[in-house]
Amino acid sequence: MPNTEPVVTTAEILNEKARLVKNKSVCNFGLIAGASHENLSSISELSKAGAVAFKTYMVAPAKEREKEYAGTFVTNSAQLFQTMEEVNKTSRVHCIHAECDSTVNLLSEKMKKDKRKDPLAHYDSRPNFTEEEAVSDALILSEYLHAKTHFVHVSAARSVDLLSEAKQRGIDVTSETCPQYMIFSKEILEKKGPYAKFNPPPRDPEDIERMIRSLATGEIDMVSTDHAPHSNSEKQRGWNDIFAAPSGTPGVETRLPLLLNFVMKGRLKLSDIPRITSTAAAKRFGIFPSKGSIQTGSDADLAIVDLNQTWTIKASELQTKAWETVLYDGVEVNGRVKYALVSGQIAYEDGAGFASPGLGTMVQPS
């Protein structure tokens, strides 16, 4: 994702990030570049430099975090139109974080005026309709521009309705959700406080049900993690004032076992898992069939899983430095990765650890 320091908004920064990541990686990776009305002149060069896609936030970050998002967000439809138009010229997929900036700002100010600092104030400042507003606006522009649009971390049932209707009209649109939107309702904010603060926020039981059902039917195309780790000390500030804590939660290491739980419960088929975790993304972002497929000529990137092994997620044993903030600590899961192969080479072995850094390579659309 582009919201690093520095933010990936120029070809020069993307090239430098690719060099740094290559030396550290034990898996293949693609780099998504940031796009907004502020870097329109850089978008073409970012594409030529190998950006696998572009990402735009439709809502501004908190003031204290603007340096991590500068050049990646828009705050009105005119700015989004300009950005979509330029990204569309590259033929790359345009990833959209859909929350309506003006309405989120209005409701956030209302929370502050009412002296609301409790965890549920985070949800009340970003209710379902703020996502639906943004999805609707972006779909209108996407249809007009014939753009390749992808909506990240969809959380609201009505958003799925809008996306399904758009697909039926022939709009080139895909979407993803995350495990947190398939598991947690907004009440988790009362229990976990700032640790359960992420954007969009957790929703209602009917939204959870719709996310799971939509993955099974293909209305939502894939599951990502929206992995956004923050230190424990940063998150702790939110207990006194939920707006003082950064938004985001770790999720990379827990996605697969959590999804396999839905298989064991009969909510998803085992055959759904490679589709929603790999194949759909490879096809959408232009790296299929070298990725996302097991066939002659494809790269041997494989996860070998023991489906009979039940185990408990222990946050302290995860790789993330933000392990103290992991929401899934203590959750029992089914299916443990025994080996991970990258281009046929063992990149990870359960009980032994990881291969030496530098094994992975940067993937680009064909």
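Residues numbered from 1 in each chain as written. Predicted model: local features only at pLDDT ≥ 70, side-chain atom pairs only at ≥ 80, totals over all residues. Heavy atoms only, no water.

Draft legend 1. Expanded view of the overall build of the protein chain. Counting its regular elements, the protein chain contains 13 helices and 10 strands. In terms of overall size, the protein chain behaves like a compact globule, its C-alpha atoms giving a radius of gyration of 20 Å where 366 residues would be expected to give roughly 21 Å. When the backbone C-alpha atoms are referred to their principal axes, the protein chain occupies close to 55 × 45 × 40 Å. Every one of the 366 residues in the protein chain was classed for burial, and the buried ones make up 52%. Sequence-distant contacts, at least 24 apart, represent 70% of the contacts inside the protein chain between residues at least 6 apart. (Helix = DSSP H or I, 4+ residues; strand = E, 2+ residues; numbered from the N terminus. Rg over C-alpha atoms; globule rule 2.2 N^0.38 Å. Buried < 20%, exposed > 50% of the residue type's maximum accessible area, 1.4 Å probe, protein only. Contact = heavy atoms within 4.5 Å.)

Draft legend 2. Inspection of the environment of Gly193 at higher detail. Mapping Gly193 onto the fold places it in the loop between helix H9 (188-192) and helix H10 (205-217). Put simply, Gly193 and Asn240 are 47 residues apart on the chain and 9.6 Å apart in space, counted from C-alpha to C-alpha. Not counting the four nearest positions on each side in its chain, Gly193 is found in contact with Pro119, Ile188, Trp239 and Ile242.

Draft legend 3. Representation of the sheet that holds strand S8 (residues 332-342). With antiparallel pairing, 4 strands are arranged side by side in an open sheet as S7-S8-S9-S10. At either end of the open sheet lies a strand with only one pairing partner, and these are strand S7 (302-312) and strand S10 (353-354). (Pairing = 2+ DSSP bridges.)

Draft legend 4. Representation of the sheet that holds strand S5 (residues 173-177) within the structure. Ordered by their spatial adjacency, 6 strands build an open sheet running S1-S2-S3-S4-S5-S6, and the pairing between neighbours is parallel. Edge strands, defined here as strands with exactly one partner in the open sheet, are strand S1 (32-34) and strand S6 (222-223).

Draft legend 5. Geometry of the pairing of S5. Counting buried residues in S5 gives 5 out of 5 residues, a clear majority hidden from the surface. Side-chain alternation along S5 places Val173, Ser175 and Thr177 on one buried face and Thr174 and Glu176 on a second face that is also buried. Across 3 bridges, the pairing between strand S4 (residues 149-151) and S5 is parallel. For His150, the partnering residue across the bridge sits in S5 and is Thr174. In this view, the connection linking S4 to its parallel neighbour S5 by way of helix H7 (residues 157-168) has right-handed handedness. Direction of pairing for S5 relative to S6: parallel, over a ladder of 2 bridges. The residue of S6 that forms the bridge with Thr177 is Val223. (Right-handed = clockwise from strand over helix to strand, strands pointing away.)

Draft legend 6. Layout of the pattern of salt bridges. Considering all chains together, one arrives at 26 salt bridges under this definition. Lys186 is paired through a salt bridge with Asp204; the nearest N and O atoms lie 3.2 Å apart. Of the two residues, Lys186 is situated in the loop between helix H8 (179-183) and H9 and Asp204 in the loop between H9 and H10; the sequence distance between them amounts to 18 residues. Taking relative accessible area as the criterion, Asp204 reaches 15% and is therefore assigned buried. Salt-bridge contacts for Lys338 lead to Asp350; the nearest nitrogen and oxygen are separated by 3.0 Å. A residue pair is termed long-range when its members are at least 10 positions apart, and Lys338 in strand S8 and Asp350 in the loop between strand S9 (345-349) and S10 qualify at 12 residues. On the accessibility criterion, Lys338 (26% relative accessible area) is partly exposed. Connected through shared salt-bridge partners, Arg158, Asp161, Glu165, Arg210 and Glu219 make up one network. (Salt bridge = Lys/Arg side-chain N within 4 Å of Asp/Glu carboxyl O.)

Draft legend 7. Geometry of empty space enclosed by the protein. In total, this model carries 2 cavities of 30 Å³ or more according to the counting rule given. The volume enclosed by the largest cavity comes to roughly 40 Å³. Counted by class, the lining of the largest cavity contains 4 nonpolar, 4 polar and 1 charged residues. For the second largest cavity, the calculated volume is near 30 Å³. Together, Ala98, Glu131, Val135, Phe151, Val152, His153, Val154 and Pro200 line the second largest cavity. Along the lines of polarity and charge, the residues of the lining of the second largest cavity split into 6 nonpolar, 1 polar and 1 charged. (1 Å grid on protein atoms, 1.4 Å probe; cavity = no way out; pocket = protein on both sides within 12 Å on 5 of 7 lines; lining within 4 Å. Points joined across faces, edges and corners; volume = space filled by probe spheres on them. Nonpolar A, V, L, I, M, F, W, Y, C, P; charged D, E, K, R; others polar.)

Draft legend 8. Focus on the packing of helix H4 (residues 101-113) against helix H6 (residues 128-145). Direction vectors running N to C along H4 and H6 enclose 160 degrees, while the axes themselves pass 9 Å from each other. Here H6 runs roughly antiparallel to H4, going by the angle between their axes. Regarding H4 and H6, the two cross each other, and that crossing is right-handed. Residues Thr103, Val104 and Leu107 of H4 touch H6, and the partners they reach there are Phe129, Thr130 and Glu133. Looking at the contact of H4 with H6 residue by residue, the class counts come to 3 nonpolar, 2 polar and 1 charged. (Axes fitted to C-alpha atoms, helices over the stretch in contact; angles between N-to-C directions. Parallel < 35°, antiparallel > 145°, perpendicular 65-115°, else oblique. Left-handed = near helix turned anticlockwise from the far one by under 90°.)

Draft legend 9. Structural context of the layout of surface pockets. Its boundaries defined by the atoms lining it, the second largest pocket holds a volume of some 160 Å³. In this structure, the second largest pocket is lined by Ile183, Phe184, Ile188, Lys192, Leu258, Asn261, Phe262, Lys265, Leu327, Tyr328, Asp329 and Val331. Taken together, the elements giving at least two residues each to the lining of the second largest pocket come down to H9 and helix H12 (255-264). Per-element accounting of the lining of the second largest pocket gives the leading share, 3 residues, to H12. Residue classes in the lining of the second largest pocket are distributed as 8 nonpolar, 1 polar and 3 charged.

Geometric descriptors of this kind do not, in isolation, establish any biological role.
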